[in-house]
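Chains, contacts and geometry: an overview
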Amino acid sequence: MPMRRIRHRVAFIAVVAAVAAAILFWPATESAQAFPPTPKQTVLNYLRSISGNHIVSGQHNKEPASAPGQYTQQVKDVTGQYPGLWGGDLMFGATDVANRQRVIDQAKTEWANGSLVSLTWHVCPPTGGSTCAFEGGVKSNITNAEFSQILAEGSVLNNAWKRRLDEVVPYLQQLRNAGVPVLFRPLHEMNESWNWWGNRPGSNGSARLYQITRDYLAGTKGLDNLIWVWNVQDNPAGGWGDYYPGNQYVDVVSLDVWYKSHPSSADYQQMRTIAGTKPMAIAEIGKMPTAALLDSQTRWAWFMMWSEHLRGNNTNAEIQAAYFHPRVLNQGEVVLP
């Protein structure tokens, strides 16, 4: 074999070896932080492990469903960091419902990138159609007789509620099949009267609808990837425990903070009493947590800033201060065992 060809072959082999070595020893970056398919218990264990020590940053992304990452990108623009938790919504309006697949695709992407996934659902009442307006739809009142019928097994409205749940089952199944645990927050702010499902305390009220919803989705439909997040708003009327469906139905206890900028110490203690040893979260907030809040109320496992309030209600300095607080965990810092 001519010497020139031998030299070329040796050089080629050396290049291949160098490339292989580079791939093998490539520094661990974002790909090393990506989450593999994971059972929901792993996420729950993680949330328990950080309670009292750290808190995961979160950002909600509301409509349009065609742009389900727009507000998390704004966080990146301001801080250089992505949130440790991505929040999305299964939506209610016709155009957004038609784009639910984009929300699910974004959830898969966020999980693969190393962020926890949370889904809310502003659901239309079973007394009407699958899609609706917010005013007069999600934000509406139904009669006590209608609500009682939704709770009555086998009734027309009870069956209509289960068919409404069926509409999102194929999307939630995609996440289950992909091994993505979902912090699922249905029937949120159930102690409030703005929504059709709320403001019904007691065992045959809003809490019973939550029980029926979990029994159907987790039991009948086998969606064992859903982490059930129970939620109330910081309504000063108190009595939040009157809406609690029971420990066997709740994985995480959460509070939405809208009556004031941050949860008061009394709010925090009321939630601790309800939660017991379960993880706690600030599921919606409009003002970035301050250092004083983060250092004094240490049991919160995550906070989730509400969409347009990110920039509409916070300065860049306030956003940056929260994201760079030593207790706050952003994307890449959330490490599942």
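Residues numbered from 1 in each chain as written. Predicted model: local features only at pLDDT ≥ 70, side-chain atom pairs only at ≥ 80, totals over all residues. Heavy atoms only, no water.

By the definition in use, this model includes 14 salt bridges. The shortest N-O distance in the salt bridge between Arg 164 and Glu 167 comes to 3.4 Å. Overall, the relative accessible area of 5% leaves Arg 164 in the buried class. Judged by its relative accessible area of 24%, Glu 167 falls in the partly exposed class. When the shortest N-O distance is used, the salt bridge between Lys 260 and Asp 234 registers 3.3 Å. Here Lys 260, found in the loop between β7 (252-257) and α11 (265-275), pairs with Asp 234, found in the loop between β6 (226-233) and β7; they are 26 residues apart in sequence, far enough to count as distant. Its relative accessible area of 32% is what places Lys 260 among the partly exposed residues. (Salt bridge = Lys/Arg side-chain N within 4 Å of Asp/Glu carboxyl O. Buried < 20%, exposed > 50% of the residue type's maximum accessible area, 1.4 Å probe, protein only. Helix = DSSP H or I, 4+ residues; strand = E, 2+ residues; numbered from the N terminus.)

Once that is clear, we can look at helix α4 (residues 70-79). Regarding α4, the residues found buried are Tyr 71, Thr 72, Gln 74, Val 75, Val 78 and Thr 79. Looking straight down α4, one finds that the buried residues subtend no more than 150° of arc, so they occupy a single side. In this fold, the buried residues of α4 make contact with β2 (58-60), β3 (85-89), α6 (100-113), α13 (309-312) and α14 (316-323). Looking one or two residues past α4, Gly 80 carries a phi angle of roughly 80°, positive in sign. (Arc of directions from axis to C-beta. Contact = heavy atoms within 4.5 Å.)

Under the definition given, this model contains 1 disulfide. With a sulfur-sulfur separation of 2.2 Å, Cys 124 is cross-linked through a disulfide to Cys 132. Its S-S torsion of about -95° marks the bond between Cys 124 and Cys 132 as left-handed, since a negative value means left-handed. Taken individually, Cys 124 and Cys 132 each receive the classification buried, so the pair is uniform in this respect. (Disulfide = S-S within 2.5 Å.)

Every other side chain in a regular strand lies on the same face of the sheet, so the side chains alternate between the two faces. Within β3, 5 of the 5 residues are buried, which leaves the element mostly enclosed by the surrounding structure. Across 3 bridges, the pairing between β2 and β3 is parallel. If you follow Gln 59 over to β3, its bridge partner there is Trp 86. In this fold, β2 hands off to α4, which returns the chain to β3; that crossover is right-handed. Relative to strand β4 (residues 116-120), β3 runs parallel, the two being bridged by 5 bridges. Following the sheet pairing, Asp 89 is matched in β4 by Thr 120. (Pairing = 2+ DSSP bridges. Right-handed = clockwise from strand over helix to strand, strands pointing away.)

The omega angle of the peptide bond from Glu 63 to Pro 64 is 5°, so this bond is cis rather than trans. Tracing the backbone through its elements, the reader meets Pro 64 in the loop between β2 and α4. With a phi angle near 70°, Met 91 is a residue other than glycine that sits in the positive phi range. As for its position among the elements, Met 91 is in the loop between β3 and α5 (94-97). The backbone of Leu 187 sits at a positive phi, close to 50°, despite the residue not being glycine. Tracing the backbone shows Leu 187 in the loop between β5 (182-185) and α10 (206-220).

Let us look at the UniProt feature "domain: GH26" (unreviewed entry) in the protein chain. Mapped onto this numbering, the UniProt entry annotates "domain: GH26" (unreviewed entry) at residues 38-332. This span, residues 38-332, is 38% helix and 16% strand, and a straight line between its end C-alpha atoms measures 17 Å. (UniProt positions renumbered as here; feature names shortened; annotations may be inferred.)

This next bit is on the UniProt feature "active site" (unreviewed entry) in the protein chain. This chain's UniProt record puts "active site" (unreviewed entry) on Glu 189 and Glu 284. Their sequence span is 96 residues, while the largest C-alpha to C-alpha distance among them is just 10.0 Å; these annotated residues converge on one region. Within the secondary structure, Glu 189 is located in the loop between β5 and α10. Apart from the residues lying within four places of it in its own chain, the contact partners of Glu 189 are Trp 194, Asn 195, Asn 231, Val 232, Gln 233, Asp 256, Trp 258 and Glu 284. Relative to the assigned elements, Glu 284 resides in strand β8 (residues 280-285). Those residues in contact with Glu 284 that lie beyond four places of it in its chain are Arg 185, His 188, Glu 189, Leu 255, Asp 256, Val 257, Trp 258, Met 304 and Trp 306.

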